[in-house]
Amino acid sequence: MQTSGCCSPLLPWLSPTTLPLYLLPDDLECDYAGLSTQGLRLSHGLRGVPPACQPGPGLKRPVKLARINLTNNRPLEERALISQNAIHEIATQLNNNTGQFSGIGYWQSGNVWTAMANQDRFAGTNINRAQVVEALNTVFEQQPNYNSGDDALWWAQAAIAGHRGYQDDNFLSHAVATWNFVSGYVITQAQANTQPKEKTSRLSGICDGSTMAGGVFWQSSRDNQDVNSITTGLYLTTSALLAEITGNSTYTNAAILSAQWI
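Position numbers for residues count from 1 along each chain, tracking the sequence in the order it is written. Totals for whole chains, interfaces and linings use every residue, but because this is a predicted model, local features are given only for residues with pLDDT of at least 70 and side-chain atom pairs only at 80 or more, for both listing and counting. Water and hydrogen atoms play no part in the side-chain values, which are based on all heavy atoms of the structure.

(A) Examining the overall build of the protein more closely. The numbering of helices and of strands both runs from the N terminus, where a helix is a DSSP run of H or I of at least 4 residues and a strand a run of E of at least 2. Across its full length, the protein carries nine helices and 11 strands. Counting all 262 residues of the protein, 40% fall into the buried class. Working rule for contacts: check all heavy atoms of both residues, and any pair within 4.5 Å makes them a contact. Here the contacts in the protein between residues at least 6 apart in sequence split such that 56% fall between residues at least 24 apart. Only the protein chains shown count as covering a residue, and every accessible area follows the Shrake-Rupley method with a 1.4 Å probe. Surface exposure of the protein reaches about 13,700 Å², of which carbon and sulfur atoms provide 54%. Burial status follows relative accessibility: with a 1.4 Å probe on protein chains alone, a residue under 20% of its type maximum counts as buried, one over 50% as exposed, and anything between as partly exposed.

Written as structure tokens, this is what we have:
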């Protein structure tokens with residue numbers, strides 16, 4: 001849900017209890033677990049499905065997350081092999097010159113590198129290390145602070161995954177630099193009541209009785225006033241991860257402020 005200056009009213013079916021159950025990836029078009037998702041876009045990158053949505057073909061009612069069995073009995077070695085085989089498949093689409101994958105976008109490519117670094121970390125291997133290291137360094141060099149529109153923090157989280165998976169402090173420095181860059185677009189309480197220097201017009205400091213402090217602008221362009229929930233959520237989680245790694249309360253406080261905005 002993007003807001004321009006303040007906020008737009010939420011769809012009547014959206015609430016904190018339904019939000020985790022019915023937000024689905026943007027790539028899903030028609031049906032997922034029996035939920036019809038076509039045309040129901042909540043915000044950039046997400047689609048939402050209301051509790052009263054129409055069931056998909058062959059199903060009489062939506063399937064709630066609580067009804068899905070999320071456990072399996074496969075041994076760790078088998079699960080690691082399955083995920084590594086999936087990595088080998090998508091690796092065929094890698095463009096080594098850009099560090100990105102054909103057929104998917106910039107932020108999705110960042111997510112692939114996160115998954116690959118996490119694969120090595122949790123499987124206790126270094127199978128993907130060379131590719132992860134090369135790609136994250138390549139993209140950071142080509143896109144300083146991983147900045148390309150609104151997707152920098154997806155890559156910051158890939159860098160954090162690289163740091164955790166390979167104990168590579170270079171990636172931690174990438175993540176910190178990107179966090180510092182995005183922090184320039186986080187609304188402070190002072191900015192909420194004035195005109196942020198990064199933007200061309202003044203914000204309303206209060207939205208539905210709550211402060212706008214902690215929200216993150218969707219894009220860095222001066223004429224874009226959108227405050228985006230996904231960007232803010234990424235800033236929250238990146239801040240929390242950096243707080244966990246460094247013990248620095250600056251990151252903790254930033255995470256709390258953005259969590260309060262959300």
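That covers the picture; the talk isn't over yet.
(B) Quick look at the environment of Ala-177. Tracing the sequence through the fold places Ala-177 in helix α6 (residues 169–183). With 21 residues separating them in the primary sequence, Ala-177 and Ala-156 have C-alpha atoms 8.7 Å apart.

(C) Spotlight on the packing of helix α4 (residues 129–142) against α6. At a minimum axis separation of 11 Å, α4 and α6 run at an interaxial angle of 35 degrees. Here α4 and α6 pass one another in a crossing that is left-handed. Residue-level inspection shows Val-132, Val-133, Leu-136, Asn-137 and Phe-140 of α4 in contact with α6, the latter providing Asn-170, Phe-171, His-174, Ala-177 and Thr-178. Three classes are used, and their members are as follows: Ala, Val, Leu, Ile, Met, Phe, Trp, Tyr, Cys and Pro are nonpolar, Asp, Glu, Lys and Arg are charged, and the others, Gly among them, are polar. Taken together, the residues that form the contact of α4 with α6 break down as six nonpolar, four polar and no charged. Helix axes are fitted to C-alpha atoms over the stretch in contact, other axes to C-alpha atoms as well, and angles between N-to-C directions run from 0 to 180 degrees. Handedness of each helix crossing follows the sense of rotation of the near helix against the far helix: counterclockwise by less than a right angle gives left-handed, clockwise gives right-handed.

(D) Up close: the side chain of Ser-239. Relative to the assigned elements, Ser-239 resides in helix α8 (residues 229–246). If we ignore the near neighbours within four places in the chain, the residues touching Ser-239 are Trp-179, Tyr-251, Ala-254 and Ala-255.

(E) Focus on α4. Here a helix's expected span is defined as the number of its residues, less one, multiplied by 1.5 Å. An ideal rise of 1.5 Å per residue puts 20 Å on 14 residues; α4 measures up with 20 Å between its terminal C-alpha atoms. Inspection of α4 places Val-132, Ala-135, Leu-136, Thr-138, Val-139 and Phe-140 among the buried residues, and these make up the whole buried set. Residues of α4 that are buried sit in contact with α3 (106–123), α5 (152–166) and α6.

(F) Examining the pattern of salt bridges more closely. Salt bridge, as applied in this entry: a Lys or Arg side-chain nitrogen positioned within 4 Å of an Asp or Glu carboxyl oxygen. Evaluated as defined, the whole model comprises two salt bridges. Residue Glu-78 is joined to Arg-74 by a salt bridge in which the shortest nitrogen-to-oxygen separation is 2.6 Å. With relative accessibility at 42%, the residue Arg-74 sits in the partly exposed group. For the salt bridge of Arg-164 with Glu-244, the shortest nitrogen-to-oxygen distance reads 2.2 Å.

(G) Representation of unusual backbone geometry. Within the chain, Asn-145 stands out as a residue other than glycine whose phi angle is a positive 60 degrees. With respect to the helices and strands, the residue Asn-145 is situated in the loop between α4 and α5.

(H) Highlighting the side chain of His-163. For His-163, the position within the fold is in helix α5. Classification of His-163 by relative accessible area gives buried; the value is 12%.

(I) Main features of α8. Taking 1.5 Å as the rise per residue, α8 with 18 residues should run 26 Å; its terminal C-alpha atoms sit 25 Å apart, in good agreement. Looking at α8, one finds that the buried residues are Ser-229, Ile-230, Thr-231, Thr-232, Gly-233, Leu-234, Tyr-235, Thr-238, Ser-239, Leu-242 and Ala-243. Each polar contact in these results corresponds to two N or O atoms within 3.5 Å; when the atoms are within protein, one needs to be able to donate a hydrogen and the other to accept it, and residues that are neighboring in sequence are counted only if both atoms are side-chain atoms. In this structure Asn-228 caps α8, since a side-chain oxygen of it lies 2.8 Å from the backbone nitrogen of Ile-230. Remark: Gly-247 follows α8 within two positions and exhibits a positive phi of approximately 75 degrees.

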